[in-house]
Amino acid sequence: MSIIVQNISKSYNKIKAIDAISFEVKEGELFGLIGPDGAGKTTIFRTLTTLLLANEGSATVAGFDVVKDYVAIRNSVGYMPGKFSLYQDLTVEENLKFFATIFGTTIEENYDLIKDIYIQIEPFKTRRAGALSGGMKQKLALCCALIHAPKVLFLDEPTTGVDPVSRKEFWEMLKRLQKKGITILVSTPYMDEAVLCDRIALIQKGSILKIDSPENIIKKYDKVIYNIKAKNRHQLILDLKKYPSQYSVFAFGEFIHYIDNSSTFNSIDLQHYLEKQNNTEIEIKIGNTTIEDVFMDL
Amino acid sequence: MKTILFIIQKEFRQIFRNKGMLPIIFVLPLVQLLILSNAASFEIKNIKFSYIDNDHSVASRELISKFQASSYFKIIDSYSSKKEADFQMETGKVNVILEIPNHFERDLIKENDANLSVSINAIDGAAAGVENVYISQIITGFNQKVQTQLYQYNKDNYVQPINIVMIPSFWYNNTLNYKTFMVPGILVLLVTMLTLFLSSMNIVREKEMGTLEQINVTPIRKYQFVIGKLFPFWVLGLVILTVGLTIARVVFSVPILGSVALIYFFTSIYLLVILGIGLIISNNSDTQQQAMFISWFFAVLFILMSGLFTPIESMPIWAQNITLLNPIRYFVEIIRMVMLKGATFSDISEPFFMIVFYAIALNGIAVWTYKKVN
């Protein structure tokens, strides 16, 4: 096991940020912490990277205890905080060199590991980090977190505020790093990124709701989701919420996701009901379950 | 060691790239030294003087001409009544009113005794005291001259007037040049303020930018980081001292009687104290703004209680005891002693060891309060 977390709790002034969190991450696994803002993801990261002491529970990273062996952990993990935290007034190259030096290594020594990523920002190596675009900044931060060839990589919301193309590229990079044997713990508020992880933990209000692979989570979901569309969206939502056997209704892209709790549910009945409520251009079909649907249901 | 050197290099890069701070670091101290040293004067000059001459005699005109001749007094106006003069005092147009009574000359010659009335605006008590001395000096001089003349009128019973002349000798600053006294003090103030402000805002800046979090997950040691961060400001402090001493010598011709090496040696230890204070402030604040306010609070307190502007000897005993905690006090004392009196190490050993003690104590607290883990 690369990361073992056992019953970790942390409170800030009596407000519980995380409550008895436990999970394990296998070696070489890409593990995702999925949850909305304020769920406690960053607190978990800060605890595992030895920046924060938990009130209760214990955790080990790469076989080291986060409290006792914090020095060893700092040598063997890479951490990329959610907020860009490199020196904005140093250039790309200077930042990378600085972090290499304080980890007691050189850029050349671990160049293989960062080559794929660094090559993309190399044209800007004399530019100050503060003047880079969002996507470039993320790449540089990832390089700096990798420069000492860490065993475990912690990425706290690495794709927040990054454009869709760069996000996709970023996840491809993570997949490649994973192949090199690095364990990656990543957090994200984006549900579409969850399916890219090997296993995910769904977190809300400081507690883990579910841990499994994204496929299993979807497979184990026993309810049927209907994608419903009509001309007047707002009217449609209101009407669906009034339907006697409704279980949940929420907007999802161009459709409304509707779940029914009756075993005898028939989409034609629903169609008639909606027509009676003066909805037009109604379209009802069975949709694919996504992580977001599961999350909304939890 | 390599790590420390690298942090120092990084720190210098950041200082020289900060286009907003650079002029503040290098130009401001010079401007301040040049302006403050010329402006922060204890000399009372251009006293706003007015008079009411009710006598209109030779003697009264001569007395007034004495005031006119003095460079300390600026004759604003003459008034015909005390009431009018008092009104001008109220409006702030004049600060001193000399009233020469009727029959001034007659009384002086006949009865050998005449009265003058002097009113002084004493809102600034210290200035009023000095003005009073100047006025008394002029009147005494006038008095002696009149007496001499009087005696000369009756030649038959001429007696040599007894004159006691006092010739003071002013040690260590024989021309009483206040700049000689002020420039070393202001230099202390600049070195202190600049290093205190810059160091107190430095680590907190990393906190604000989030870079401290990234640094904290690295295996870097506390002492490496702290030394690496503060060393550049230690160097800057010494650079400012060098520039300041050069200006003091070249522009203000302040004598440097003692050993320059001793000044540097003391300053290098003193700077550790200031950097330690800066670091403690930095550790305990979350934003640069907070750090700035706390630094200001201490800087103002330290400066006003340092003996730079007001002598420590004239403070109440409890305040004198508080100044013992003030590092600037020792620096002001030592730099004046070394520069103007030519003090050697044995003369300044007592304040010197106080500063060494503070340097160790404060830096100990600073490193201890710097936390990598919350």
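Residues numbered from 1 in each chain as written. Chains lettered and ligands numbered in written order. Predicted model: local features only at pLDDT ≥ 70, side-chain atom pairs only at ≥ 80, totals over all residues. Heavy atoms only, no water.

The name recorded for chain B in an unreviewed UniProt entry is ABC transporter permease, from Flavobacterium cellulosilyticum. A UniProt comment under Subcellular location (unreviewed entry) is attached to chain B, and it reads "Cell membrane". Turning to chain B, the UniProt annotation filed under Sequence similarities (unreviewed entry) states: "Belongs to the ABC-2 integral membrane protein family." (UniProt positions renumbered as here; feature names shortened; annotations may be inferred.)

In the annotation of an unreviewed UniProt entry, the entry for chain A reads ABC transporter ATP-binding protein, and the organism field reads Flavobacterium cellulosilyticum.

Q: Just to check I follow, could you spell out unusual backbone geometry for this structure?
A: Unlike most non-glycine residues, E281 of chain A shows phi in positive territory, near 50°. Locating E281 of chain A in the fold gives a position in the loop between α10 (267-276) and β14 (283-286). (Helix = DSSP H or I, 4+ residues; strand = E, 2+ residues; numbered from the N terminus.)

Q: For this particular structure, what's the right way to read helix α14 (residues 345-369) of chain B?
A: Given 3.6 residues per helical turn, the α-helix brings residues three or four places apart onto the same face. Residues and elements named next belong to chain B. Helix length check: α14, at 25 residues, gives a terminal C-alpha distance of 34 Å against a target of 36 Å (1.5 Å per residue), a fit within 8%. Within α14, the axis deviates most sharply at P351, by approximately 40°. All buried positions along α14 are accounted for by I348, P351, F352, I355, Y358, A359, L362, A366 and T369. Where α14 is buried, its residues meet α10 (260-283) and α13 (327-341). (Expected span 1.5 Å × (residues − 1). Bend = angle between axes of the 7 residues up to and from the residue. Buried < 20%, exposed > 50% of the residue type's maximum accessible area, 1.4 Å probe, protein only. Contact = heavy atoms within 4.5 Å.)

Q: I tried to follow the confidence of the model for chain B on my own but got confused; where do I start?
A: Residues shown with low pLDDT carry predicted positions that ought not to be read at fine detail. For chain B, per-residue confidence averages 85 on the pLDDT scale, and 93% of positions sit at 70 or higher. By mean pLDDT, the top-scoring element of chain B is α10 of chain B (93), and the lowest-scoring one is helix α6 (residues 125-153) of chain B (79). (pLDDT = per-residue confidence, 0-100.)

Q: Teacher, can you tell me more about the sheet that holds strand β1 (residues 3-12) of chain A here?
A: What holds strands together in a sheet is hydrogen bonding between their backbones, with the strands either parallel or antiparallel. Residue and element names in this part refer to chain A. What the four strands build is an open sheet, ordered β2-β1-β4-β5; its pairing is antiparallel. Lying at the two open borders of the sheet, with one neighbouring strand each, are β2 (15-25) and β5 (64-65). Note: β1 against strand β4 (residues 56-61), five bridges, orientation antiparallel. Directly across from S9, in β4, lies its bridge partner E56. Contacting β1, β2 and β4, helix α1 (residues 41-48) crosses the sheet at an angle of about 65° to β2. (Pairing = 2+ DSSP bridges. Axes fitted to C-alpha atoms, helices over the stretch in contact; angles between N-to-C directions.)

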